[in-house]
Amino acid sequence: MASHSVVVVGAGLAGLDTAAALRGRGYEGRITLVGDEPSGPCDRPPLSKGYLAGTTAAADIALRPPSFYAAQDIQLLSGDRASSVDRERRTVLLESGLRLPYGALVLATGCRPRTLPVPGASLAGVLSLRGLADAEDLRLRLSGPPRSVVVVGAGFIGLEVAATARRLGHEVTVVEAQPRALARALTPRMSARVVAEHRAQGVRVLLGREVSALYGDAENRVQVMELGDGERIAAELVVVGVGVLPNTRLALTADLVVGDGIVVDERLRTEDPDIYAVGDCARFPSPHAGRHIRLESVQNATDQARCVAAAICGEPYAYTAVPWFWSEQYAMRLQMAGLTAAHDETVTVGDPDGGRFSVLCFRAGRLIGVESMNRPADHGIARRLLTTGTQLAPATAREPGFDLKKLPRTPSTAQGRPAVHA
Ligand code: FAD
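Residues numbered from 1 in each chain as written. Predicted model: local features only at pLDDT ≥ 70, side-chain atom pairs only at ≥ 80, totals over all residues. Heavy atoms only, no water.

The name given to the protein in an unreviewed UniProt entry is NAD(P)/FAD-dependent oxidoreductase, with Streptomyces aureus as the source organism. Within the UniProt record for the protein, the comment given under Cofactor (unreviewed entry) is "FAD". (UniProt positions renumbered as here; feature names shortened; annotations may be inferred.)

Structure below.
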């Protein structure tokens, strides 16, 4: 039985897609979408890529045109923050003083960047990148004459910013505390190839090195970065990309279970059956990881939004979608399907030196994920194999001339994993 009113807190991709998916399913009740960013729902991936480079216009960053909200009868409250939830009265209180009653409440509060825990981290010119305002600030600073830019953190966002800054002609250094880049997300082989490309493009990549302090000039503008081993490097602009923290404060006001994300079940419900969490802020049981995880990706936000909309409309299903992600740096298009962190065996196909290859990741002889560089067909096939649970043995992948494109298209559930949206 559908609730007569839904309040969605967080007007990012997951929140907006939840509202849109509800209407798409014919939901006729009131939908209110509350977002604290004044700019309204925007597409974040271009913020470290085309928008930063100046090739994507601000108008193309909006996730939906203004006319969408009226046409879909979705009340969008931008620039207002939800401060607390009263579960007994089933209301959400906003900072503006508005109190919104709900039948179902969806928490889509996303994440915020971690800050750098070193002296000087609040100097002018030390930035992080999450929203449109951050990207505008960074874009402006990168549009001037060449400067010394230091990116802290060799994750996807850090490396995308490094690539963009380098392309714009800046002197770029990347400082990463881990011994390799993208350590949480990619296999050593793929991450080494990515780092090699950055170095070939003239970026100084320092791995296994930590920032110990930042120093500014008389006007408190950052000038110098000091590393743990005492090396000092010029740093007229510092971009901090050291990961994010889920926004869980609102969930805590509702006494919901929280722990690196808002904890939900396989239908993305919290322990309160009328409160759901979706997107970057949700900690959900993943059949692919075999445990509760949080994912920060467009795929996860949109697929979870559909899952929650279905649940609110009385057609619940377990969230089992195969995770996928992409990144763009220089001419490298990286595409990842599945979760590869737990792999115990890999097979590389294609041409790593030429920058067109895939790493197939297996665990106990089963395919668990595929990372591709400039091999979009491999990525598409990998997603199909993982979704259908089609078996592929490492020995088969190692055969001379093996090509994912030559595999038969017959779906199977040999791995016993439920099909998407089972
Ligand atoms: P968010 O987009 O963070 O939205 C949450 C919203 O809720 C925010 O606007 C927040 O301010 C608001 N909010 C929080 N608390 C409250 C409150 N109490 N009241 C009101 N509003 C509140 N993913 C990919 O798959 N591929 C990519 O290439 C890629 N590139 C990216 C590049 C950048 C620069 C960034 C930042 C992210 C990128 N991502 C990428 C990740 C992807 O954009 C996110 O996973 C996705 O946007 C998550 O959507 P969300 O709605 O869960 O969270």
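Caption draft 1: Spotlight on the UniProt feature "domain: Reductase C-terminal" (unreviewed entry) in the protein. In the numbering used here, UniProt assigns the "domain: Reductase C-terminal" (unreviewed entry) feature to residues 324-407. Strand forms 43% of residues 324-407 and helix 21%; the C-alpha atoms that close the span are 20 Å apart. (Helix = DSSP H or I, 4+ residues; strand = E, 2+ residues; numbered from the N terminus.)

Caption draft 2: Representation of the nonpolar core. By size, the foremost hydrophobic cluster in this structure holds 58 residues, and its most contacted members are Val-92, Leu-105 and Leu-107. With sequence-adjacent residues up to four places away left out, Leu-107 is seen in contact with Val-9, Leu-250, Ala-251, Leu-256, Ile-262, Ile-275, Tyr-276, Ala-277, Val-278 and Cys-281. Within the second largest apolar cluster, 41 residues are counted, among which are Leu-129, Ala-135, Val-205 and Val-239. (Core = buried A, V, L, I, M, F, W, Y, C linked by side-chain atoms within 4.5 Å. Buried < 20%, exposed > 50% of the residue type's maximum accessible area, 1.4 Å probe, protein only. Contact = heavy atoms within 4.5 Å.)

Caption draft 3: Examining the pairing of strand E4 (residues 82-86) more closely. As paired elements, E4 and strand E5 (residues 91-94) share four bridges and run antiparallel to each other. Counterpart to Ser-84 in the pairing with E5 is Leu-93. Connecting the antiparallel pair E4 and E5 is a turn made up of four residues, with Arg-90 showing a positive phi of about 55 degrees. (Pairing = 2+ DSSP bridges.)

Caption draft 4: Representation of the site of the ligand in the model. Surveying the vicinity of the ligand reveals 32 residues, the closest of which are Asp-36, Glu-37, Arg-44, Lys-49 and Arg-130. One of the backbone nitrogen or oxygen atoms of Ala-14 is found 2.9 Å away from an oxygen atom of the ligand. Glu-37 places a side-chain nitrogen or oxygen 2.5 Å from an oxygen atom of the ligand. Across the complex, the protein chains shield 95% of the 1,000 Å² of accessible surface that the ligand would expose by itself. Those elements that place two or more of their residues in the shell around the ligand are helix H1 (13-24), strand E2 (30-35) and strand E22 (324-329). Here the shell around the ligand is built from residues that sort into 14 nonpolar, nine polar and nine charged. (Near = heavy atom within 4 Å. Polar contact = N/O pair within 3.5 Å; in protein donor to acceptor, adjacent residues only side chain to side chain. Areas by Shrake-Rupley, 256 points an atom, 1.4 Å probe, with all protein chains shown as cover. Nonpolar A, V, L, I, M, F, W, Y, C, P; charged D, E, K, R; others polar.)

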